[in-house]
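A look at the structure
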2 protein chains.
Amino acid sequence: MAEGAQILIVDDEPQIRRFLRISLEANGYRIHEAATGHDAILKSAQLRPDLIILDMGLPDLDGLEVLRHLREWTKTPVIILSVRDSDQDKVDALDAGADDYLTKPFSTDELMARIRTAQRHAQPQQDEIIFTSGRLKVDLSRRVVTVDGEPIKLTRTEYALLRLLIQHAGRVLTHQQILREVWGPEYVHETHYLRVYFAQLRQKIEENPALPEIIITEPGVGYRLVRL
Amino acid sequence: MAEGAQILIVDDEPQIRRFLRISLEANGYRIHEAATGHDAILKSAQLRPDLIILDMGLPDLDGLEVLRHLREWTKTPVIILSVRDSDQDKVDALDAGADDYLTKPFSTDELMARIRTAQRHAQPQQDEIIFTSGRLKVDLSRRVVTVDGEPIKLTRTEYALLRLLIQHAGRVLTHQQILREVWGPEYVHETHYLRVYFAQLRQKIEENPALPEIIITEPGVGYRLVRL
DNA sequence: CATTTTTTTGATATTTTTTTGATATATCCC
DNA sequence: GGGATATATCAAAAAAATATCAAAAAAATG
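Residues numbered from 1 in each chain as written. Chains lettered and ligands numbered in written order. Predicted model: local features only at pLDDT ≥ 70, side-chain atom pairs only at ≥ 80, totals over all residues. Heavy atoms only, no water.

Here we come to the protein's contact with DNA strand C. Neighbouring residues of DNA strand C: 15 residues in total, closest T155(A), T157(A), Y193(A), T155(B) and T157(B). Sugar and phosphate atoms represent 71% of those atoms of DNA strand C found within 4 Å of the protein. H192(A) has a polar side-chain atom sitting 3.1 Å from a base nitrogen of DNA strand C. Taking T157(B), its side chain carries an N or O atom lying 2.4 Å from a phosphate oxygen of DNA strand C. (Near = heavy atom within 4 Å. Polar contact = N/O pair within 3.5 Å; in protein donor to acceptor, adjacent residues only side chain to side chain.)

Below is the structure:
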């Protein structure tokens, strides 16, 4: 991975993409390009690059949107490029899961060094884009859920809940953990929400919601998604 | 580590140390200070901080020297602070193993965000803690109990009881200790609970509950979980 | 701005767990 | 061995936790 690592460049300006491509290829990297946010997400899932260089100003989606989308299913290092130098922008990007934030203009040497640093931090790729458990299939990169091959519609909250369970598949998540992650820290005592939403999810996912096989209740503790 | 992480501040100027200390403590970090390179290396080894903030300009050793020294034996995240903004300085520091490089003056908010990012990178794979005794296996991090590979369902109280025994495996726990830990101080005389719950646990865990091999009764004293 | 969808709230049924009680079995001490 | 004490087991009643249904409120959609 050190030699010839694959990098996805996301920027809407062709001349910047060209400049970056040349610089990076000179350093032995293999380059892919995306000009829009949607294309960036698509190519990330298809190509599984080792690192992503993401410009904040994109025509269709906000760079932050793209980053949040990516972080729903992958930990691939992301280096943000931006013309904006405000604290808030940096803080938002870094807290959304960016690995580094460079303000334009930047030097090629610094970018190269920060790429090397980001690569050191890279955790062994083990993100599965498609999760399967019984008749349930979830494509995390496209946010598509199918049951026995049939597409299922989930509301925003239902999906957030399911995604959380998938990210911790096989492990028991406590009521507090779930409420904090999905609804926010101030909701940790609203256990009633769990009853309602788990019932709804099971209604859509389980063969027989009264005898759940995918989402298991651990009374007095929380819920658990069974692997495989 | 998330809450109250320990940070070592390395800077020769007392007013900067003071400023950083106040900012960081306000964010819940526990602070240590070093004024020289030698002191930094010494304190890093002694205190094992979770993160190091290292100023490049030190009276005795170059910041780079300190960093190289540290990287010989530890991967603790290091964030470099420097007045120098040249590419070469940044490249040298990052390639020597620094996790980030900030040029003075910098904003507190940005530093905090970059500290959080560095801490994310530090996270060593949360090692799974698995206890084994005969055919019993308890994954404490996932709260999953298996007997001969088969998952077993334990109620909240049964699990609390088992976990307590595991935490003191091999040693006898008195009735009072168990009741106080699992049910609370006001239950120390409800020894009947122990009979019922140990019977239930053995029913689920032991090959032959009448001849227990994992959970041993020490009559008149308490119970004991056998190691391995 | 009206319509549709989603979230929140409330009431009630069902399930699971905990507690309690009755009785059997084992252990200890003389 | 025998009486006393401690432990184990079984099954019920009571309590707590969970599931379900449906209406009201809020938010999103076009």
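On we go from here.
Moving on: the interface of chain A and chain B. Of the residues lining the interface, 30 residues belong to chain A; the matching set on chain B comes to 27 residues. Carbon and sulfur atoms supply 42% of the area that chain A and chain B bury against each other, a total of about 2600 Å² over both sides. At the junction of chain A with chain B, the criterion picks out seven salt bridges. With its nearest N and O atoms 2.9 Å apart, the salt bridge here joins D100(B) to R114(A). Inspection of the chain A/chain B interface yields 19 residue pairs in polar contact (both at pLDDT 80 or more). Examining the composition of the side of chain A that touches chain B, we find that eight residues originate from one element, helix α5 (residues 108–121) of chain A, more than from any other. (Contact = heavy atoms within 4.5 Å. Buried area = accessible area lost by both parts, 1.4 Å probe. Salt bridge = Lys/Arg side-chain N within 4 Å of Asp/Glu carboxyl O. Helix = DSSP H or I, 4+ residues; strand = E, 2+ residues; numbered from the N terminus.)

What follows concerns the pairing of strand β2 (residues 30–34) of chain B. Residue and element names in this part refer to chain B. Strand direction decides the pairing type here: strand β1 (residues 6–10) and β2, joined by five bridges, are parallel. Of the residues in β2, the one forming a bridge with V10 is A34. Crossover connection from β1 via helix α1 (residues 14–26) to parallel β2: handedness right-handed. (Pairing = 2+ DSSP bridges. Right-handed = clockwise from strand over helix to strand, strands pointing away.)

Residues and elements named next belong to chain A. Partitioning chain A into structural domains gives domain 1 (6–122) and domain 2 (130–225). Put simply, the middle of domain 1 and the middle of domain 2, counted by C-alpha atoms, are 31 Å apart. Taken together, the contact pairs six residues of domain 1 with six residues of domain 2. Taking both partners together, domain 1 and domain 2 bury about 550 Å²; carbon and sulfur atoms supply 49% of that area. Among the residues of domain 1 in contact with domain 2, H69, E72 and W73 are the three that bury the most area, contributing 83% of the side total. Scanning the region where domain 1 abuts domain 2 turns up two salt bridges. (Domains from an automatic or database assignment.)

Our focus in this paragraph is the packing of aromatic side chains. Residues and elements named next belong to chain B. By the definition in use, this model includes eight aromatic pairs over all chains. Relative to Y193, the ring of Y187 lies with its centre 6.1 Å away and its plane at 40°, an arrangement referred to as tilted. What makes Y193 partly exposed here is its relative accessible area of 31%. Taken together, a centroid distance of 3.7 Å and an interplanar angle of 10° make the contact between F198 and Y223 stacked. (Phe/Tyr/Trp six-rings, centres within 6.5 Å; stacked < 30°, edge-to-face > 60°. Buried < 20%, exposed > 50% of the residue type's maximum accessible area, 1.4 Å probe, protein only.)

All names here are of chain A. Here L8 is to be found in strand β1 (residues 6–10). On a C-alpha basis, the gap between L8 and D50 in space is 8.1 Å, while along the polypeptide they are 42 residues apart. If near-sequence neighbours (up to four positions away) are discounted, L8 is found in contact with H32, E33, A34, A40, K43, S44, P49, L51, I52 and I53.

For the rest of this paragraph, the subject is the environment of L54(B). Residues and elements named next belong to chain B. Mapping L54 onto the fold places it in strand β3 (residues 51–55). Residues L54 and R142, spaced 88 residues apart in sequence, show a C-alpha to C-alpha distance of 37 Å. Excluding residues within four positions of it along the chain, L54 makes contact with V10, G63, V66, L67, V78, I79, I80 and L81.

All names here are of chain B. One ladder, built from three bridges, connects strand β10 (residues 172–174) with strand β12 (residues 222–225); its direction is antiparallel. The residue of β12 that forms the bridge with T174 is G222. Where strand β11 (residues 215–218) and β12 come together, four bridges link them in antiparallel fashion. Within β12, the position partnered with I216 by the bridge is R224. Where β11 folds back onto β12 in an antiparallel hairpin, the turn is made up of three residues, including G220, whose phi is positive at roughly 80°.

Counting 52 residues, the largest nonpolar core has L54(A), I80(A), L162(A) and I178(A) as the members making the most contacts within it. Taken domain by domain, this core gets at least three of its residues from each of domain 1 (6–122) and domain 2 (130–225) of chain A. (Core = buried A, V, L, I, M, F, W, Y, C linked by side-chain atoms within 4.5 Å.)

This part is about the pattern of salt bridges. Considering all chains together, one arrives at 39 salt bridges over all chains under this definition. A salt bridge links R116(A) to D95(B); the shortest N-O distance between them is 2.8 Å. With R116(A) in helix α5 and D95(B) in helix α4 (residues 87–95), this residue pair bridges two chains. Residue R116(A) is classed as partly exposed on the basis of its relative accessible area of 30%. On the basis of relative accessibility, which here comes to 39%, the residue D95(B) falls in the partly exposed class. Three or more residues joined by partner-sharing salt bridges are found here, namely D85(A), K90(A), D100(A), E110(A), R114(A), D85(B), K90(B), D100(B), E110(B) and R114(B).

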